[in-house]
Amino acid sequence: MSDLFDLPFEEEEEPAPSPQPPAPTPVASRRVLTVTELTVRVRDLLETEFIEVWVEGEISNSRVWNTGHMYFTLKDSAAQIRGVMFRSALRYLKFKPADGLKIVARGKLTVYEPKGEYQLVCEHMEPQGLGALQLAFDQLKKRLQDEGLFDAARKRPLPALPRKIGIVTSLDGAAIRDIIKVLRRRYANAHLIIRPARVQGEGAALEIARGLKAIGRVPGVDVVIVGRGGGSIEDLWAFNEEIVARAIAASPVPVISAVGHESDVTIADFVADLRAPTPSAAAELVVSRKDEFCGRIDRLEDRLRAAARGRVQGLSRRVHMLSGRSALAGYRGRVAMRGRHAAELTHALARVMRASLASRDRRLQQVRRQLETFDLGRRLAGIRTRLVTGRGALDKAMTKRRHRADSQLRDGARRLEAMSPLAVLGRGYAVAWNADRTRVLRAASDVATGDTVRVTLSRGEIDAKVSKTHD
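These numbers were taken from a predicted model, which means no experiment stands behind them.

Student: I'd like to hear about the side chain of aspartate 222, residue by residue, with values.
Tutor: Along the chain, aspartate 222 turns up in strand β8 (residues 221-228). Residue classification places aspartate 222 among the buried positions, given a relative accessible area of 17%.

Right under this line is the structure:
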């Protein structure tokens, strides 16, 4: 520590009768440190000296920040020390640190420079007097129990006759072989759907949860068996994970937990709808429902037969007893006579019914013949024939009339053409008009010398000037 505190010292001597005050240290020999330098040197010494320490104490003021790091205080009856456990180490803990929990922590000492406080950087901790796995088991069990996941009210009964049985387990273990062996022996026509999953080691819990979700999405699955063979608490720990417990609770069909041996208990056993002590027992529980159902049917059939037999026997005895009474003597003959009378009435009724039906049938045939005379199809066919004939006659008359009108038109045209002045002009004649073409000139006196005269020929017109007139 002499390099931290650079202070001179002298060996102890006998006290002088009149001691003199020590001489002040020369200013040139002092070494003044800043707070940062002093803190850094203390941190270096602590980190070098206390690389790994085990500390026992009680947790208080623990808090996990949004960064995932946990800050806490570790204390005993006389002292305390601040501690931090980073997220990378905290996620490997099997239990949840809480205030008041006595633990043993392993870590190293360092100094938090901004506040000048020394603290324990915890890399691992375990509960004092109780295993970490057992504590984690108890903590998760209490939390899920408070949420109601263990309540008997939410447990679902197993189906009476499961058609499809889902199995979530490892293909390498003996559990799958035991389950299949029992099911094939007691329920040969069972439809098995197996979803392989690791049941031990890192990531096993996630695979089991995914397997349960996948089996639950298969149409027609009636019940699911999830489990594995026996082992230590570490081997069975995947079935103590919260993700598996919530996957079992969220399953749409009943789940049977078959983990380990009869003495092994997991969180999955509490959440499942039914716990089986072993995988083989789980298979027997599933198919026992079928055996019980068939046995119940047989018992009900026997009871029904016995009840019917007793009922018939009781009624038979009553008939014999009643037939022996004097008031009912000869009832068989009366019943026979009543039967004969009923047969005669039945015969007469049948005869009347047949006569009535025959009369109605004749009436029906008569009405049908009357309707056939007014058959619309025939009437429409006749009308259609007359229409076709009339259309042909009309077309012929129209053609004849058109030819006659055409001939008359041509004759009239010839007569008009013969009377047309244009025909006269075509023979060399001309028509003289006054200048404005409003009057036809019929005499030479109608014009005077110098007047303009317009002459219409067969083709075209000419304008002429009168130079001389002759009467």
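Still to come is the rest of the account.
Student: Can you tell me about the pattern of salt bridges, naming the residues and giving the values?
Tutor: The full count for this structure, using the stated rule, is 19 salt bridges. The shortest N-O distance in the salt bridge between arginine 246 and glutamate 242 comes to 2.9 Å. With a gap of four residues between them, arginine 246 and glutamate 242 both fall in helix α6 (residues 242-249), about one helical turn apart. Judged by relative accessible area, which is 32%, arginine 246 ranks as partly exposed. On the basis of relative accessibility, which here comes to 28%, the residue glutamate 242 falls in the partly exposed class. For arginine 275, the salt bridge goes to aspartate 269, with nearest N and O atoms at 3.2 Å. Classification of aspartate 269 by relative accessible area gives buried; the value is 6%.

Student: Quick one: what's the story with a nonpolar patch on the surface, residue by residue and with numbers?
Tutor: Taken together, the side chains of Leu376, Leu380, Ile383 and Leu387 present a nonpolar region at the surface, about 400 Å² in accessible area. On the basis of relative accessibility, which here comes to 58%, the residue leucine 376 falls in the exposed class.

Student: For the environment of leucine 90, give the residues involved together with the corresponding values.
Tutor: Structurally, leucine 90 can be placed in helix α2 (residues 87-90). Take leucine 90: its relative accessible area is 17%, and that puts it in the buried class. Counting along the chain gives 34 residues from leucine 90 to histidine 124, while the straight-line C-alpha distance between them is 8.0 Å. If sequence neighbours within four positions are ignored, leucine 90 has contacts with Val64, Gly68, Met70, Met85 and Pro97.

About the criteria used
- Residues numbered from 1 in each chain as written.
- Predicted model: local features only at pLDDT ≥ 70, side-chain atom pairs only at ≥ 80, totals over all residues.
- Heavy atoms only, no water.
- Helix = DSSP H or I, 4+ residues; strand = E, 2+ residues; numbered from the N terminus.
- Buried < 20%, exposed > 50% of the residue type's maximum accessible area, 1.4 Å probe, protein only.
- Salt bridge = Lys/Arg side-chain N within 4 Å of Asp/Glu carboxyl O.
- Patch = residues over 30% accessible without salt bridge, like charges linked within 9 Å, V, L, I, M, F, W, Y side chains within 5 Å.
- Areas by Shrake-Rupley, 256 points an atom, 1.4 Å probe, with all protein chains shown as cover.
- Contact = heavy atoms within 4.5 Å.

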